[in-house]
Amino acid sequence: MSLRNNQAVLLATAASVLLVAGLALALFWAPEDADQGFSQRIFYVHVPIALTAYACFGWAAWKALRLLWTREPRYDLESYTAVHMGVIFGILTLVTGSIWAKISWGVWWTWSERQLTLFLVLFLFYCAYFMLRFSVESGPRRANLSAVYALFGVALIPVSFLAIRLAENFIHPVVFTRDGPQMSGSMFLVFCVCLAAMLGLFASLYTNELTGKRLDARLRELREAVE
Amino acid sequence: MIQAQGLGRRFGPKRVIRDLDLDVRAGELLLVTGPNGSGKSTLLALMVGLLAPTEGEIEVDLPRGRIGYLAHEALVYKELTALENLDLYGRLYHVAERRETIGALLERFGLWEVRHQRVGAFSRGMQQRLGLCRVLLHGPELLLLDEPYSGLDASARTLVDDVLTEAAGARTLVVASHEPAHVRPLATQALALA
Amino acid sequence: MTYFADVAALARKDILLELRSRDTLPAMLLFVVSALVVFHFSLPSDASVTASTGLLWIALLFTALLGLGRAFTAEREQRVLDGLVLAPCDRSAIWLAKSLGVLVFLGVAEAVALPAYALFFGPVGWELVAAVLLADLGLAAVGTLLAAMAAASRARELLLPLLFLPLVIPVVVGGVGATVVDDPGRYLGFLALYDLIFAILSWASFEYVVAE
């Protein structure tokens, strides 16, 4: 038990260190972008958060697959926690993306941002995941349904992305151009540190949340054993 | 044929079955008794595989197609006739000589005259009898009967008695009932759920 | 092969049920025409072709939802689904049979909707018909699985649209795109891709939705 505690503390420390380092690098050390100036720095936060959200959903789908394969109930909790984290990071993606859009182009939302549109669709999808969970009693049934849905989610990601690209041909958005990250070496370094930081944050929050949920379950079991 | 170790099943926070061990051999008749809500139906559902255990494990040595399950509900379509329902199940269970088998069963359980009637118009007793037809249709080796006598009048009860007497020894049976008087003489094992 | 014999038996049963009760299909037909009329009133007079096409697709989506909401009601009563699940046939056969039924319903609904659309709004080209047919496959496949999921929950009628709509956004894109763009091939191909991916996924995972 203490080894696991140590692991959690280690993870949290590592994540915190990376976060501070990453943010400091992003704010102060990274070279200024020629086009967008200081506001471009939110890219170092926004994109890693987005990629981490994808990682969350991918992790959830993996755990879902394990559940369906082995029928071990612990994977249900792990998959659910990962989706939970993914939705949180998804909200943050939408918020940071919105802020970036406001700073760059003066609008709080734009459909021309493919990533943002994709996240909106995914956000809706995974919110429905929670609705599904809330309306089914806990047990093997709920675990199965959640797992299947999580797998559908991960299939939806590339399909939706393709759809959004195709949609641009007839939706005629007001096109805001933004240069993709043709990052110089130092920019790339800062990006990687921030990415590691966000993934570390996910790992830390995930382990924490999972431990908490497991304790809840254990407490419930003990309570019942006493009754 | 049926083995369970530490079997448990909960629904949300409520534990319905707790730490149950079972060993039912082929040809036995297990009588499960207990008041309403004690988990009899849940136990049978676990045996047939409709529910998965939340604790422990249960193993049944037969494939799905060789198990017959009589639930409290008839498991038949109300908008279809008795014949159509049995025909559907006959096809799904790949019953040989489907029409003859169905005809014989309908006759045996006194439903031949009403075979073209919508099940929705059936009385509870008739639905129960149709359920018994469905359960015996594919000649299962394991019969799981959840309250087989419920809703039946005296003559229909005799039918069930006959089914049990005939099956006991030849097939394996698990009967859940809260009026066990008829079944107890035939039972080789008894389980009382609290 | 016994698999297809099982599917046939189940599909026959679904058709028989609908012929007896005759409630789902007429409702779908009436709904889609009513929706188109409502859309006429909600569109400004200088609306583009794209706008009215978009509304047609919305009408089709919600008509599909209407039909899917009823897909498993007969099985829910009397717990018949348990009876089907316990049969030795592959559980995916239940999905396939049900999807085929939904497909037929959608086809009939569109056989009414498209002429109505042509009457109220504008001409219907081959691209629209092709797109609708391809979209039907995806909608039926995914919708049937989600309908089974919703049927297992407490919130059934509420849950189905929430599960359904995000998943079918790509279908709308493919469908509208194929109709309004000069080169519909890409969009039709995309619809076919969607159908393939989600039909396989639905087929494979239906087992886990109806059994524990």
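Note that the structure is predicted; figures quoted are calculated from it, not measured.

A. Highlighting the packing of helix 4 (residues 114-134) of chain A against helix 8 (residues 156-180) of chain C. At a minimum axis distance of 9 Å, the contact between helix 4 of chain A and helix 8 of chain C shows a crossing angle of 155°. When the axes of helix 4 of chain A and helix 8 of chain C are compared, the pair comes out roughly antiparallel. When you trace helix 4 of chain A past helix 8 of chain C, the crossing you get is left-handed. Seen from helix 4 of chain A, the contacting residues are V121, L124, F125, A128, M131 and L132 of chain A; seen from helix 8 of chain C, they are L159, L162, L163, P166, L167 and I169 of chain C. For the contact of helix 4 of chain A with helix 8 of chain C, the class distribution of residues is 12 nonpolar, no polar and no charged.

B. Local environment of helix 5 (residues 154-167) of chain B. Residues and elements named next belong to chain B. Here helix 5 spans 20 Å end to end across 14 residues, near enough to the 20 Å set by a 1.5 Å rise per residue. For helix 5, every residue scored as buried is listed here: A156, L159, V160, V163, L164 and A167. The arc that holds every buried residue of helix 5, seen down its axis, measures 135°, which confines them to one face. Turned more than 90 degrees away from the buried face of helix 5 sit A154 and S155, all of them exposed. For helix 5, the secondary structure elements touched by its buried residues are helix 3 (98-108), helix 4 (124-136), strand 6 (142-146) and strand 7 (172-176). With its phi angle positive at about 95°, G169 sits one or two positions after the end of helix 5.

C. Representation of the nonpolar core in the model. Counting 203 residues, the largest nonpolar core has L43 and Y69 of chain B together with L146 and M149 of chain C as its most contacted members. The element contributing the most residues to this core is helix 5 (residues 140-171) of chain A, with 17 residues. Apart from residues no more than four positions distant in its own chain, L43 of chain B is found in contact with L7, I17, L20, L22, V32, L191 and L193 of chain B. The next biggest cluster of nonpolar side chains, apart from the first, holds 10 residues, and it includes A26, I42, Y44 and W100 of chain A.

D. The arrangement of the interface of chain C and chain A in detail. Taken together, the contacts link 35 residues of chain C with 30 residues of chain A. Between chain C and chain A the total buried area reaches about 3,000 Å² when both faces are included, carbon and sulfur atoms providing 77% of it. When residues of chain C are sorted by the area they lose upon contact with chain A, M149, Y208 and E212 of chain C head the list and together hold 22% of the total. At the junction of chain C with chain A, the criterion picks out zero salt bridges. Across the contact surface, chain C and chain A share nine residue pairs in polar contact (both at pLDDT 80 or more). Those elements that provide at least two residues to the side of chain C that touches chain A are helix 7 (126-151), helix 8 and helix 9 (185-210) of chain C. Per-element tally for the side of chain C that touches chain A: the top contributor is helix 9 of chain C, with 13 residues.

E. Here's a closer look at the pairing of strand 2 (residues 14-24) of chain B. Sheet topology note: the strand 1 (residues 2-11) of chain B/strand 2 of chain B ladder contains seven bridges and is antiparallel. Bridge pairing in strand 2 of chain B places I2 of chain B opposite V24 of chain B.

F. Fine view of the packing of aromatic side chains. The full count for this structure, using the stated rule, is 21 aromatic pairs over all chains. A centroid spacing of 5.7 Å and a plane angle of 90° characterise the contact between Y129 of chain A and F130 of chain A, whose relative ring orientation is edge-to-face. Relative to F4 of chain C, the ring of Y3 of chain C has its centre 5.4 Å away and its plane inclined at 90°; by these criteria the two rings are edge-to-face. For Y3 of chain C, a relative accessible area of 16% gives the class buried. Since its relative accessible area comes to 48%, F4 of chain C is described here as partly exposed.

G. Fine view of a nonpolar patch on the surface. Residues and elements named next belong to chain A. Taken together, the side chains of I91, V95, I99, I103 and W108 make up a nonpolar region of the molecular surface, amounting to roughly 450 Å² of accessible area. Mapped onto the fold, I99 is located in helix 3 (residues 74-105). Given the relative accessible area of 33%, I99 is considered partly exposed.

H. Examining the interface of chain B and chain C more closely. Counting from both sides, the interface comprises 27 residues of chain B and, opposite them, 25 residues of chain C. The junction of chain B with chain C conceals about 2,600 Å² of combined surface from both sides, 61% of it contributed by carbon and sulfur atoms. The largest share of the area that chain B buries against chain C comes from R64, Y77 and L92 of chain B, three residues that together contribute 28% of it. Along the contact surface separating chain B from chain C lie four salt bridges. For E84 of chain B, the salt bridge identified is with R20 of chain C, shortest N-O distance 2.6 Å.

The rules behind each value
- Residues numbered from 1 in each chain as written.
- Chains lettered and ligands numbered in written order.
- Predicted model: local features only at pLDDT ≥ 70, side-chain atom pairs only at ≥ 80, totals over all residues.
- Heavy atoms only, no water.
- Axes fitted to C-alpha atoms, helices over the stretch in contact; angles between N-to-C directions.
- Helix = DSSP H or I, 4+ residues; strand = E, 2+ residues; numbered from the N terminus.
- Parallel < 35°, antiparallel > 145°, perpendicular 65-115°, else oblique.
- Left-handed = near helix turned anticlockwise from the far one by under 90°.
- Contact = heavy atoms within 4.5 Å.
- Nonpolar A, V, L, I, M, F, W, Y, C, P; charged D, E, K, R; others polar.
- Expected span 1.5 Å × (residues − 1).
- Buried < 20%, exposed > 50% of the residue type's maximum accessible area, 1.4 Å probe, protein only.
- Arc of directions from axis to C-beta.
- Core = buried A, V, L, I, M, F, W, Y, C linked by side-chain atoms within 4.5 Å.
- Buried area = accessible area lost by both parts, 1.4 Å probe.
- Salt bridge = Lys/Arg side-chain N within 4 Å of Asp/Glu carboxyl O.
- Polar contact = N/O pair within 3.5 Å; in protein donor to acceptor, adjacent residues only side chain to side chain.
- Pairing = 2+ DSSP bridges.
- Phe/Tyr/Trp six-rings, centres within 6.5 Å; stacked < 30°, edge-to-face > 60°.
- Patch = residues over 30% accessible without salt bridge, like charges linked within 9 Å, V, L, I, M, F, W, Y side chains within 5 Å.
- Areas by Shrake-Rupley, 256 points an atom, 1.4 Å probe, with all protein chains shown as cover.

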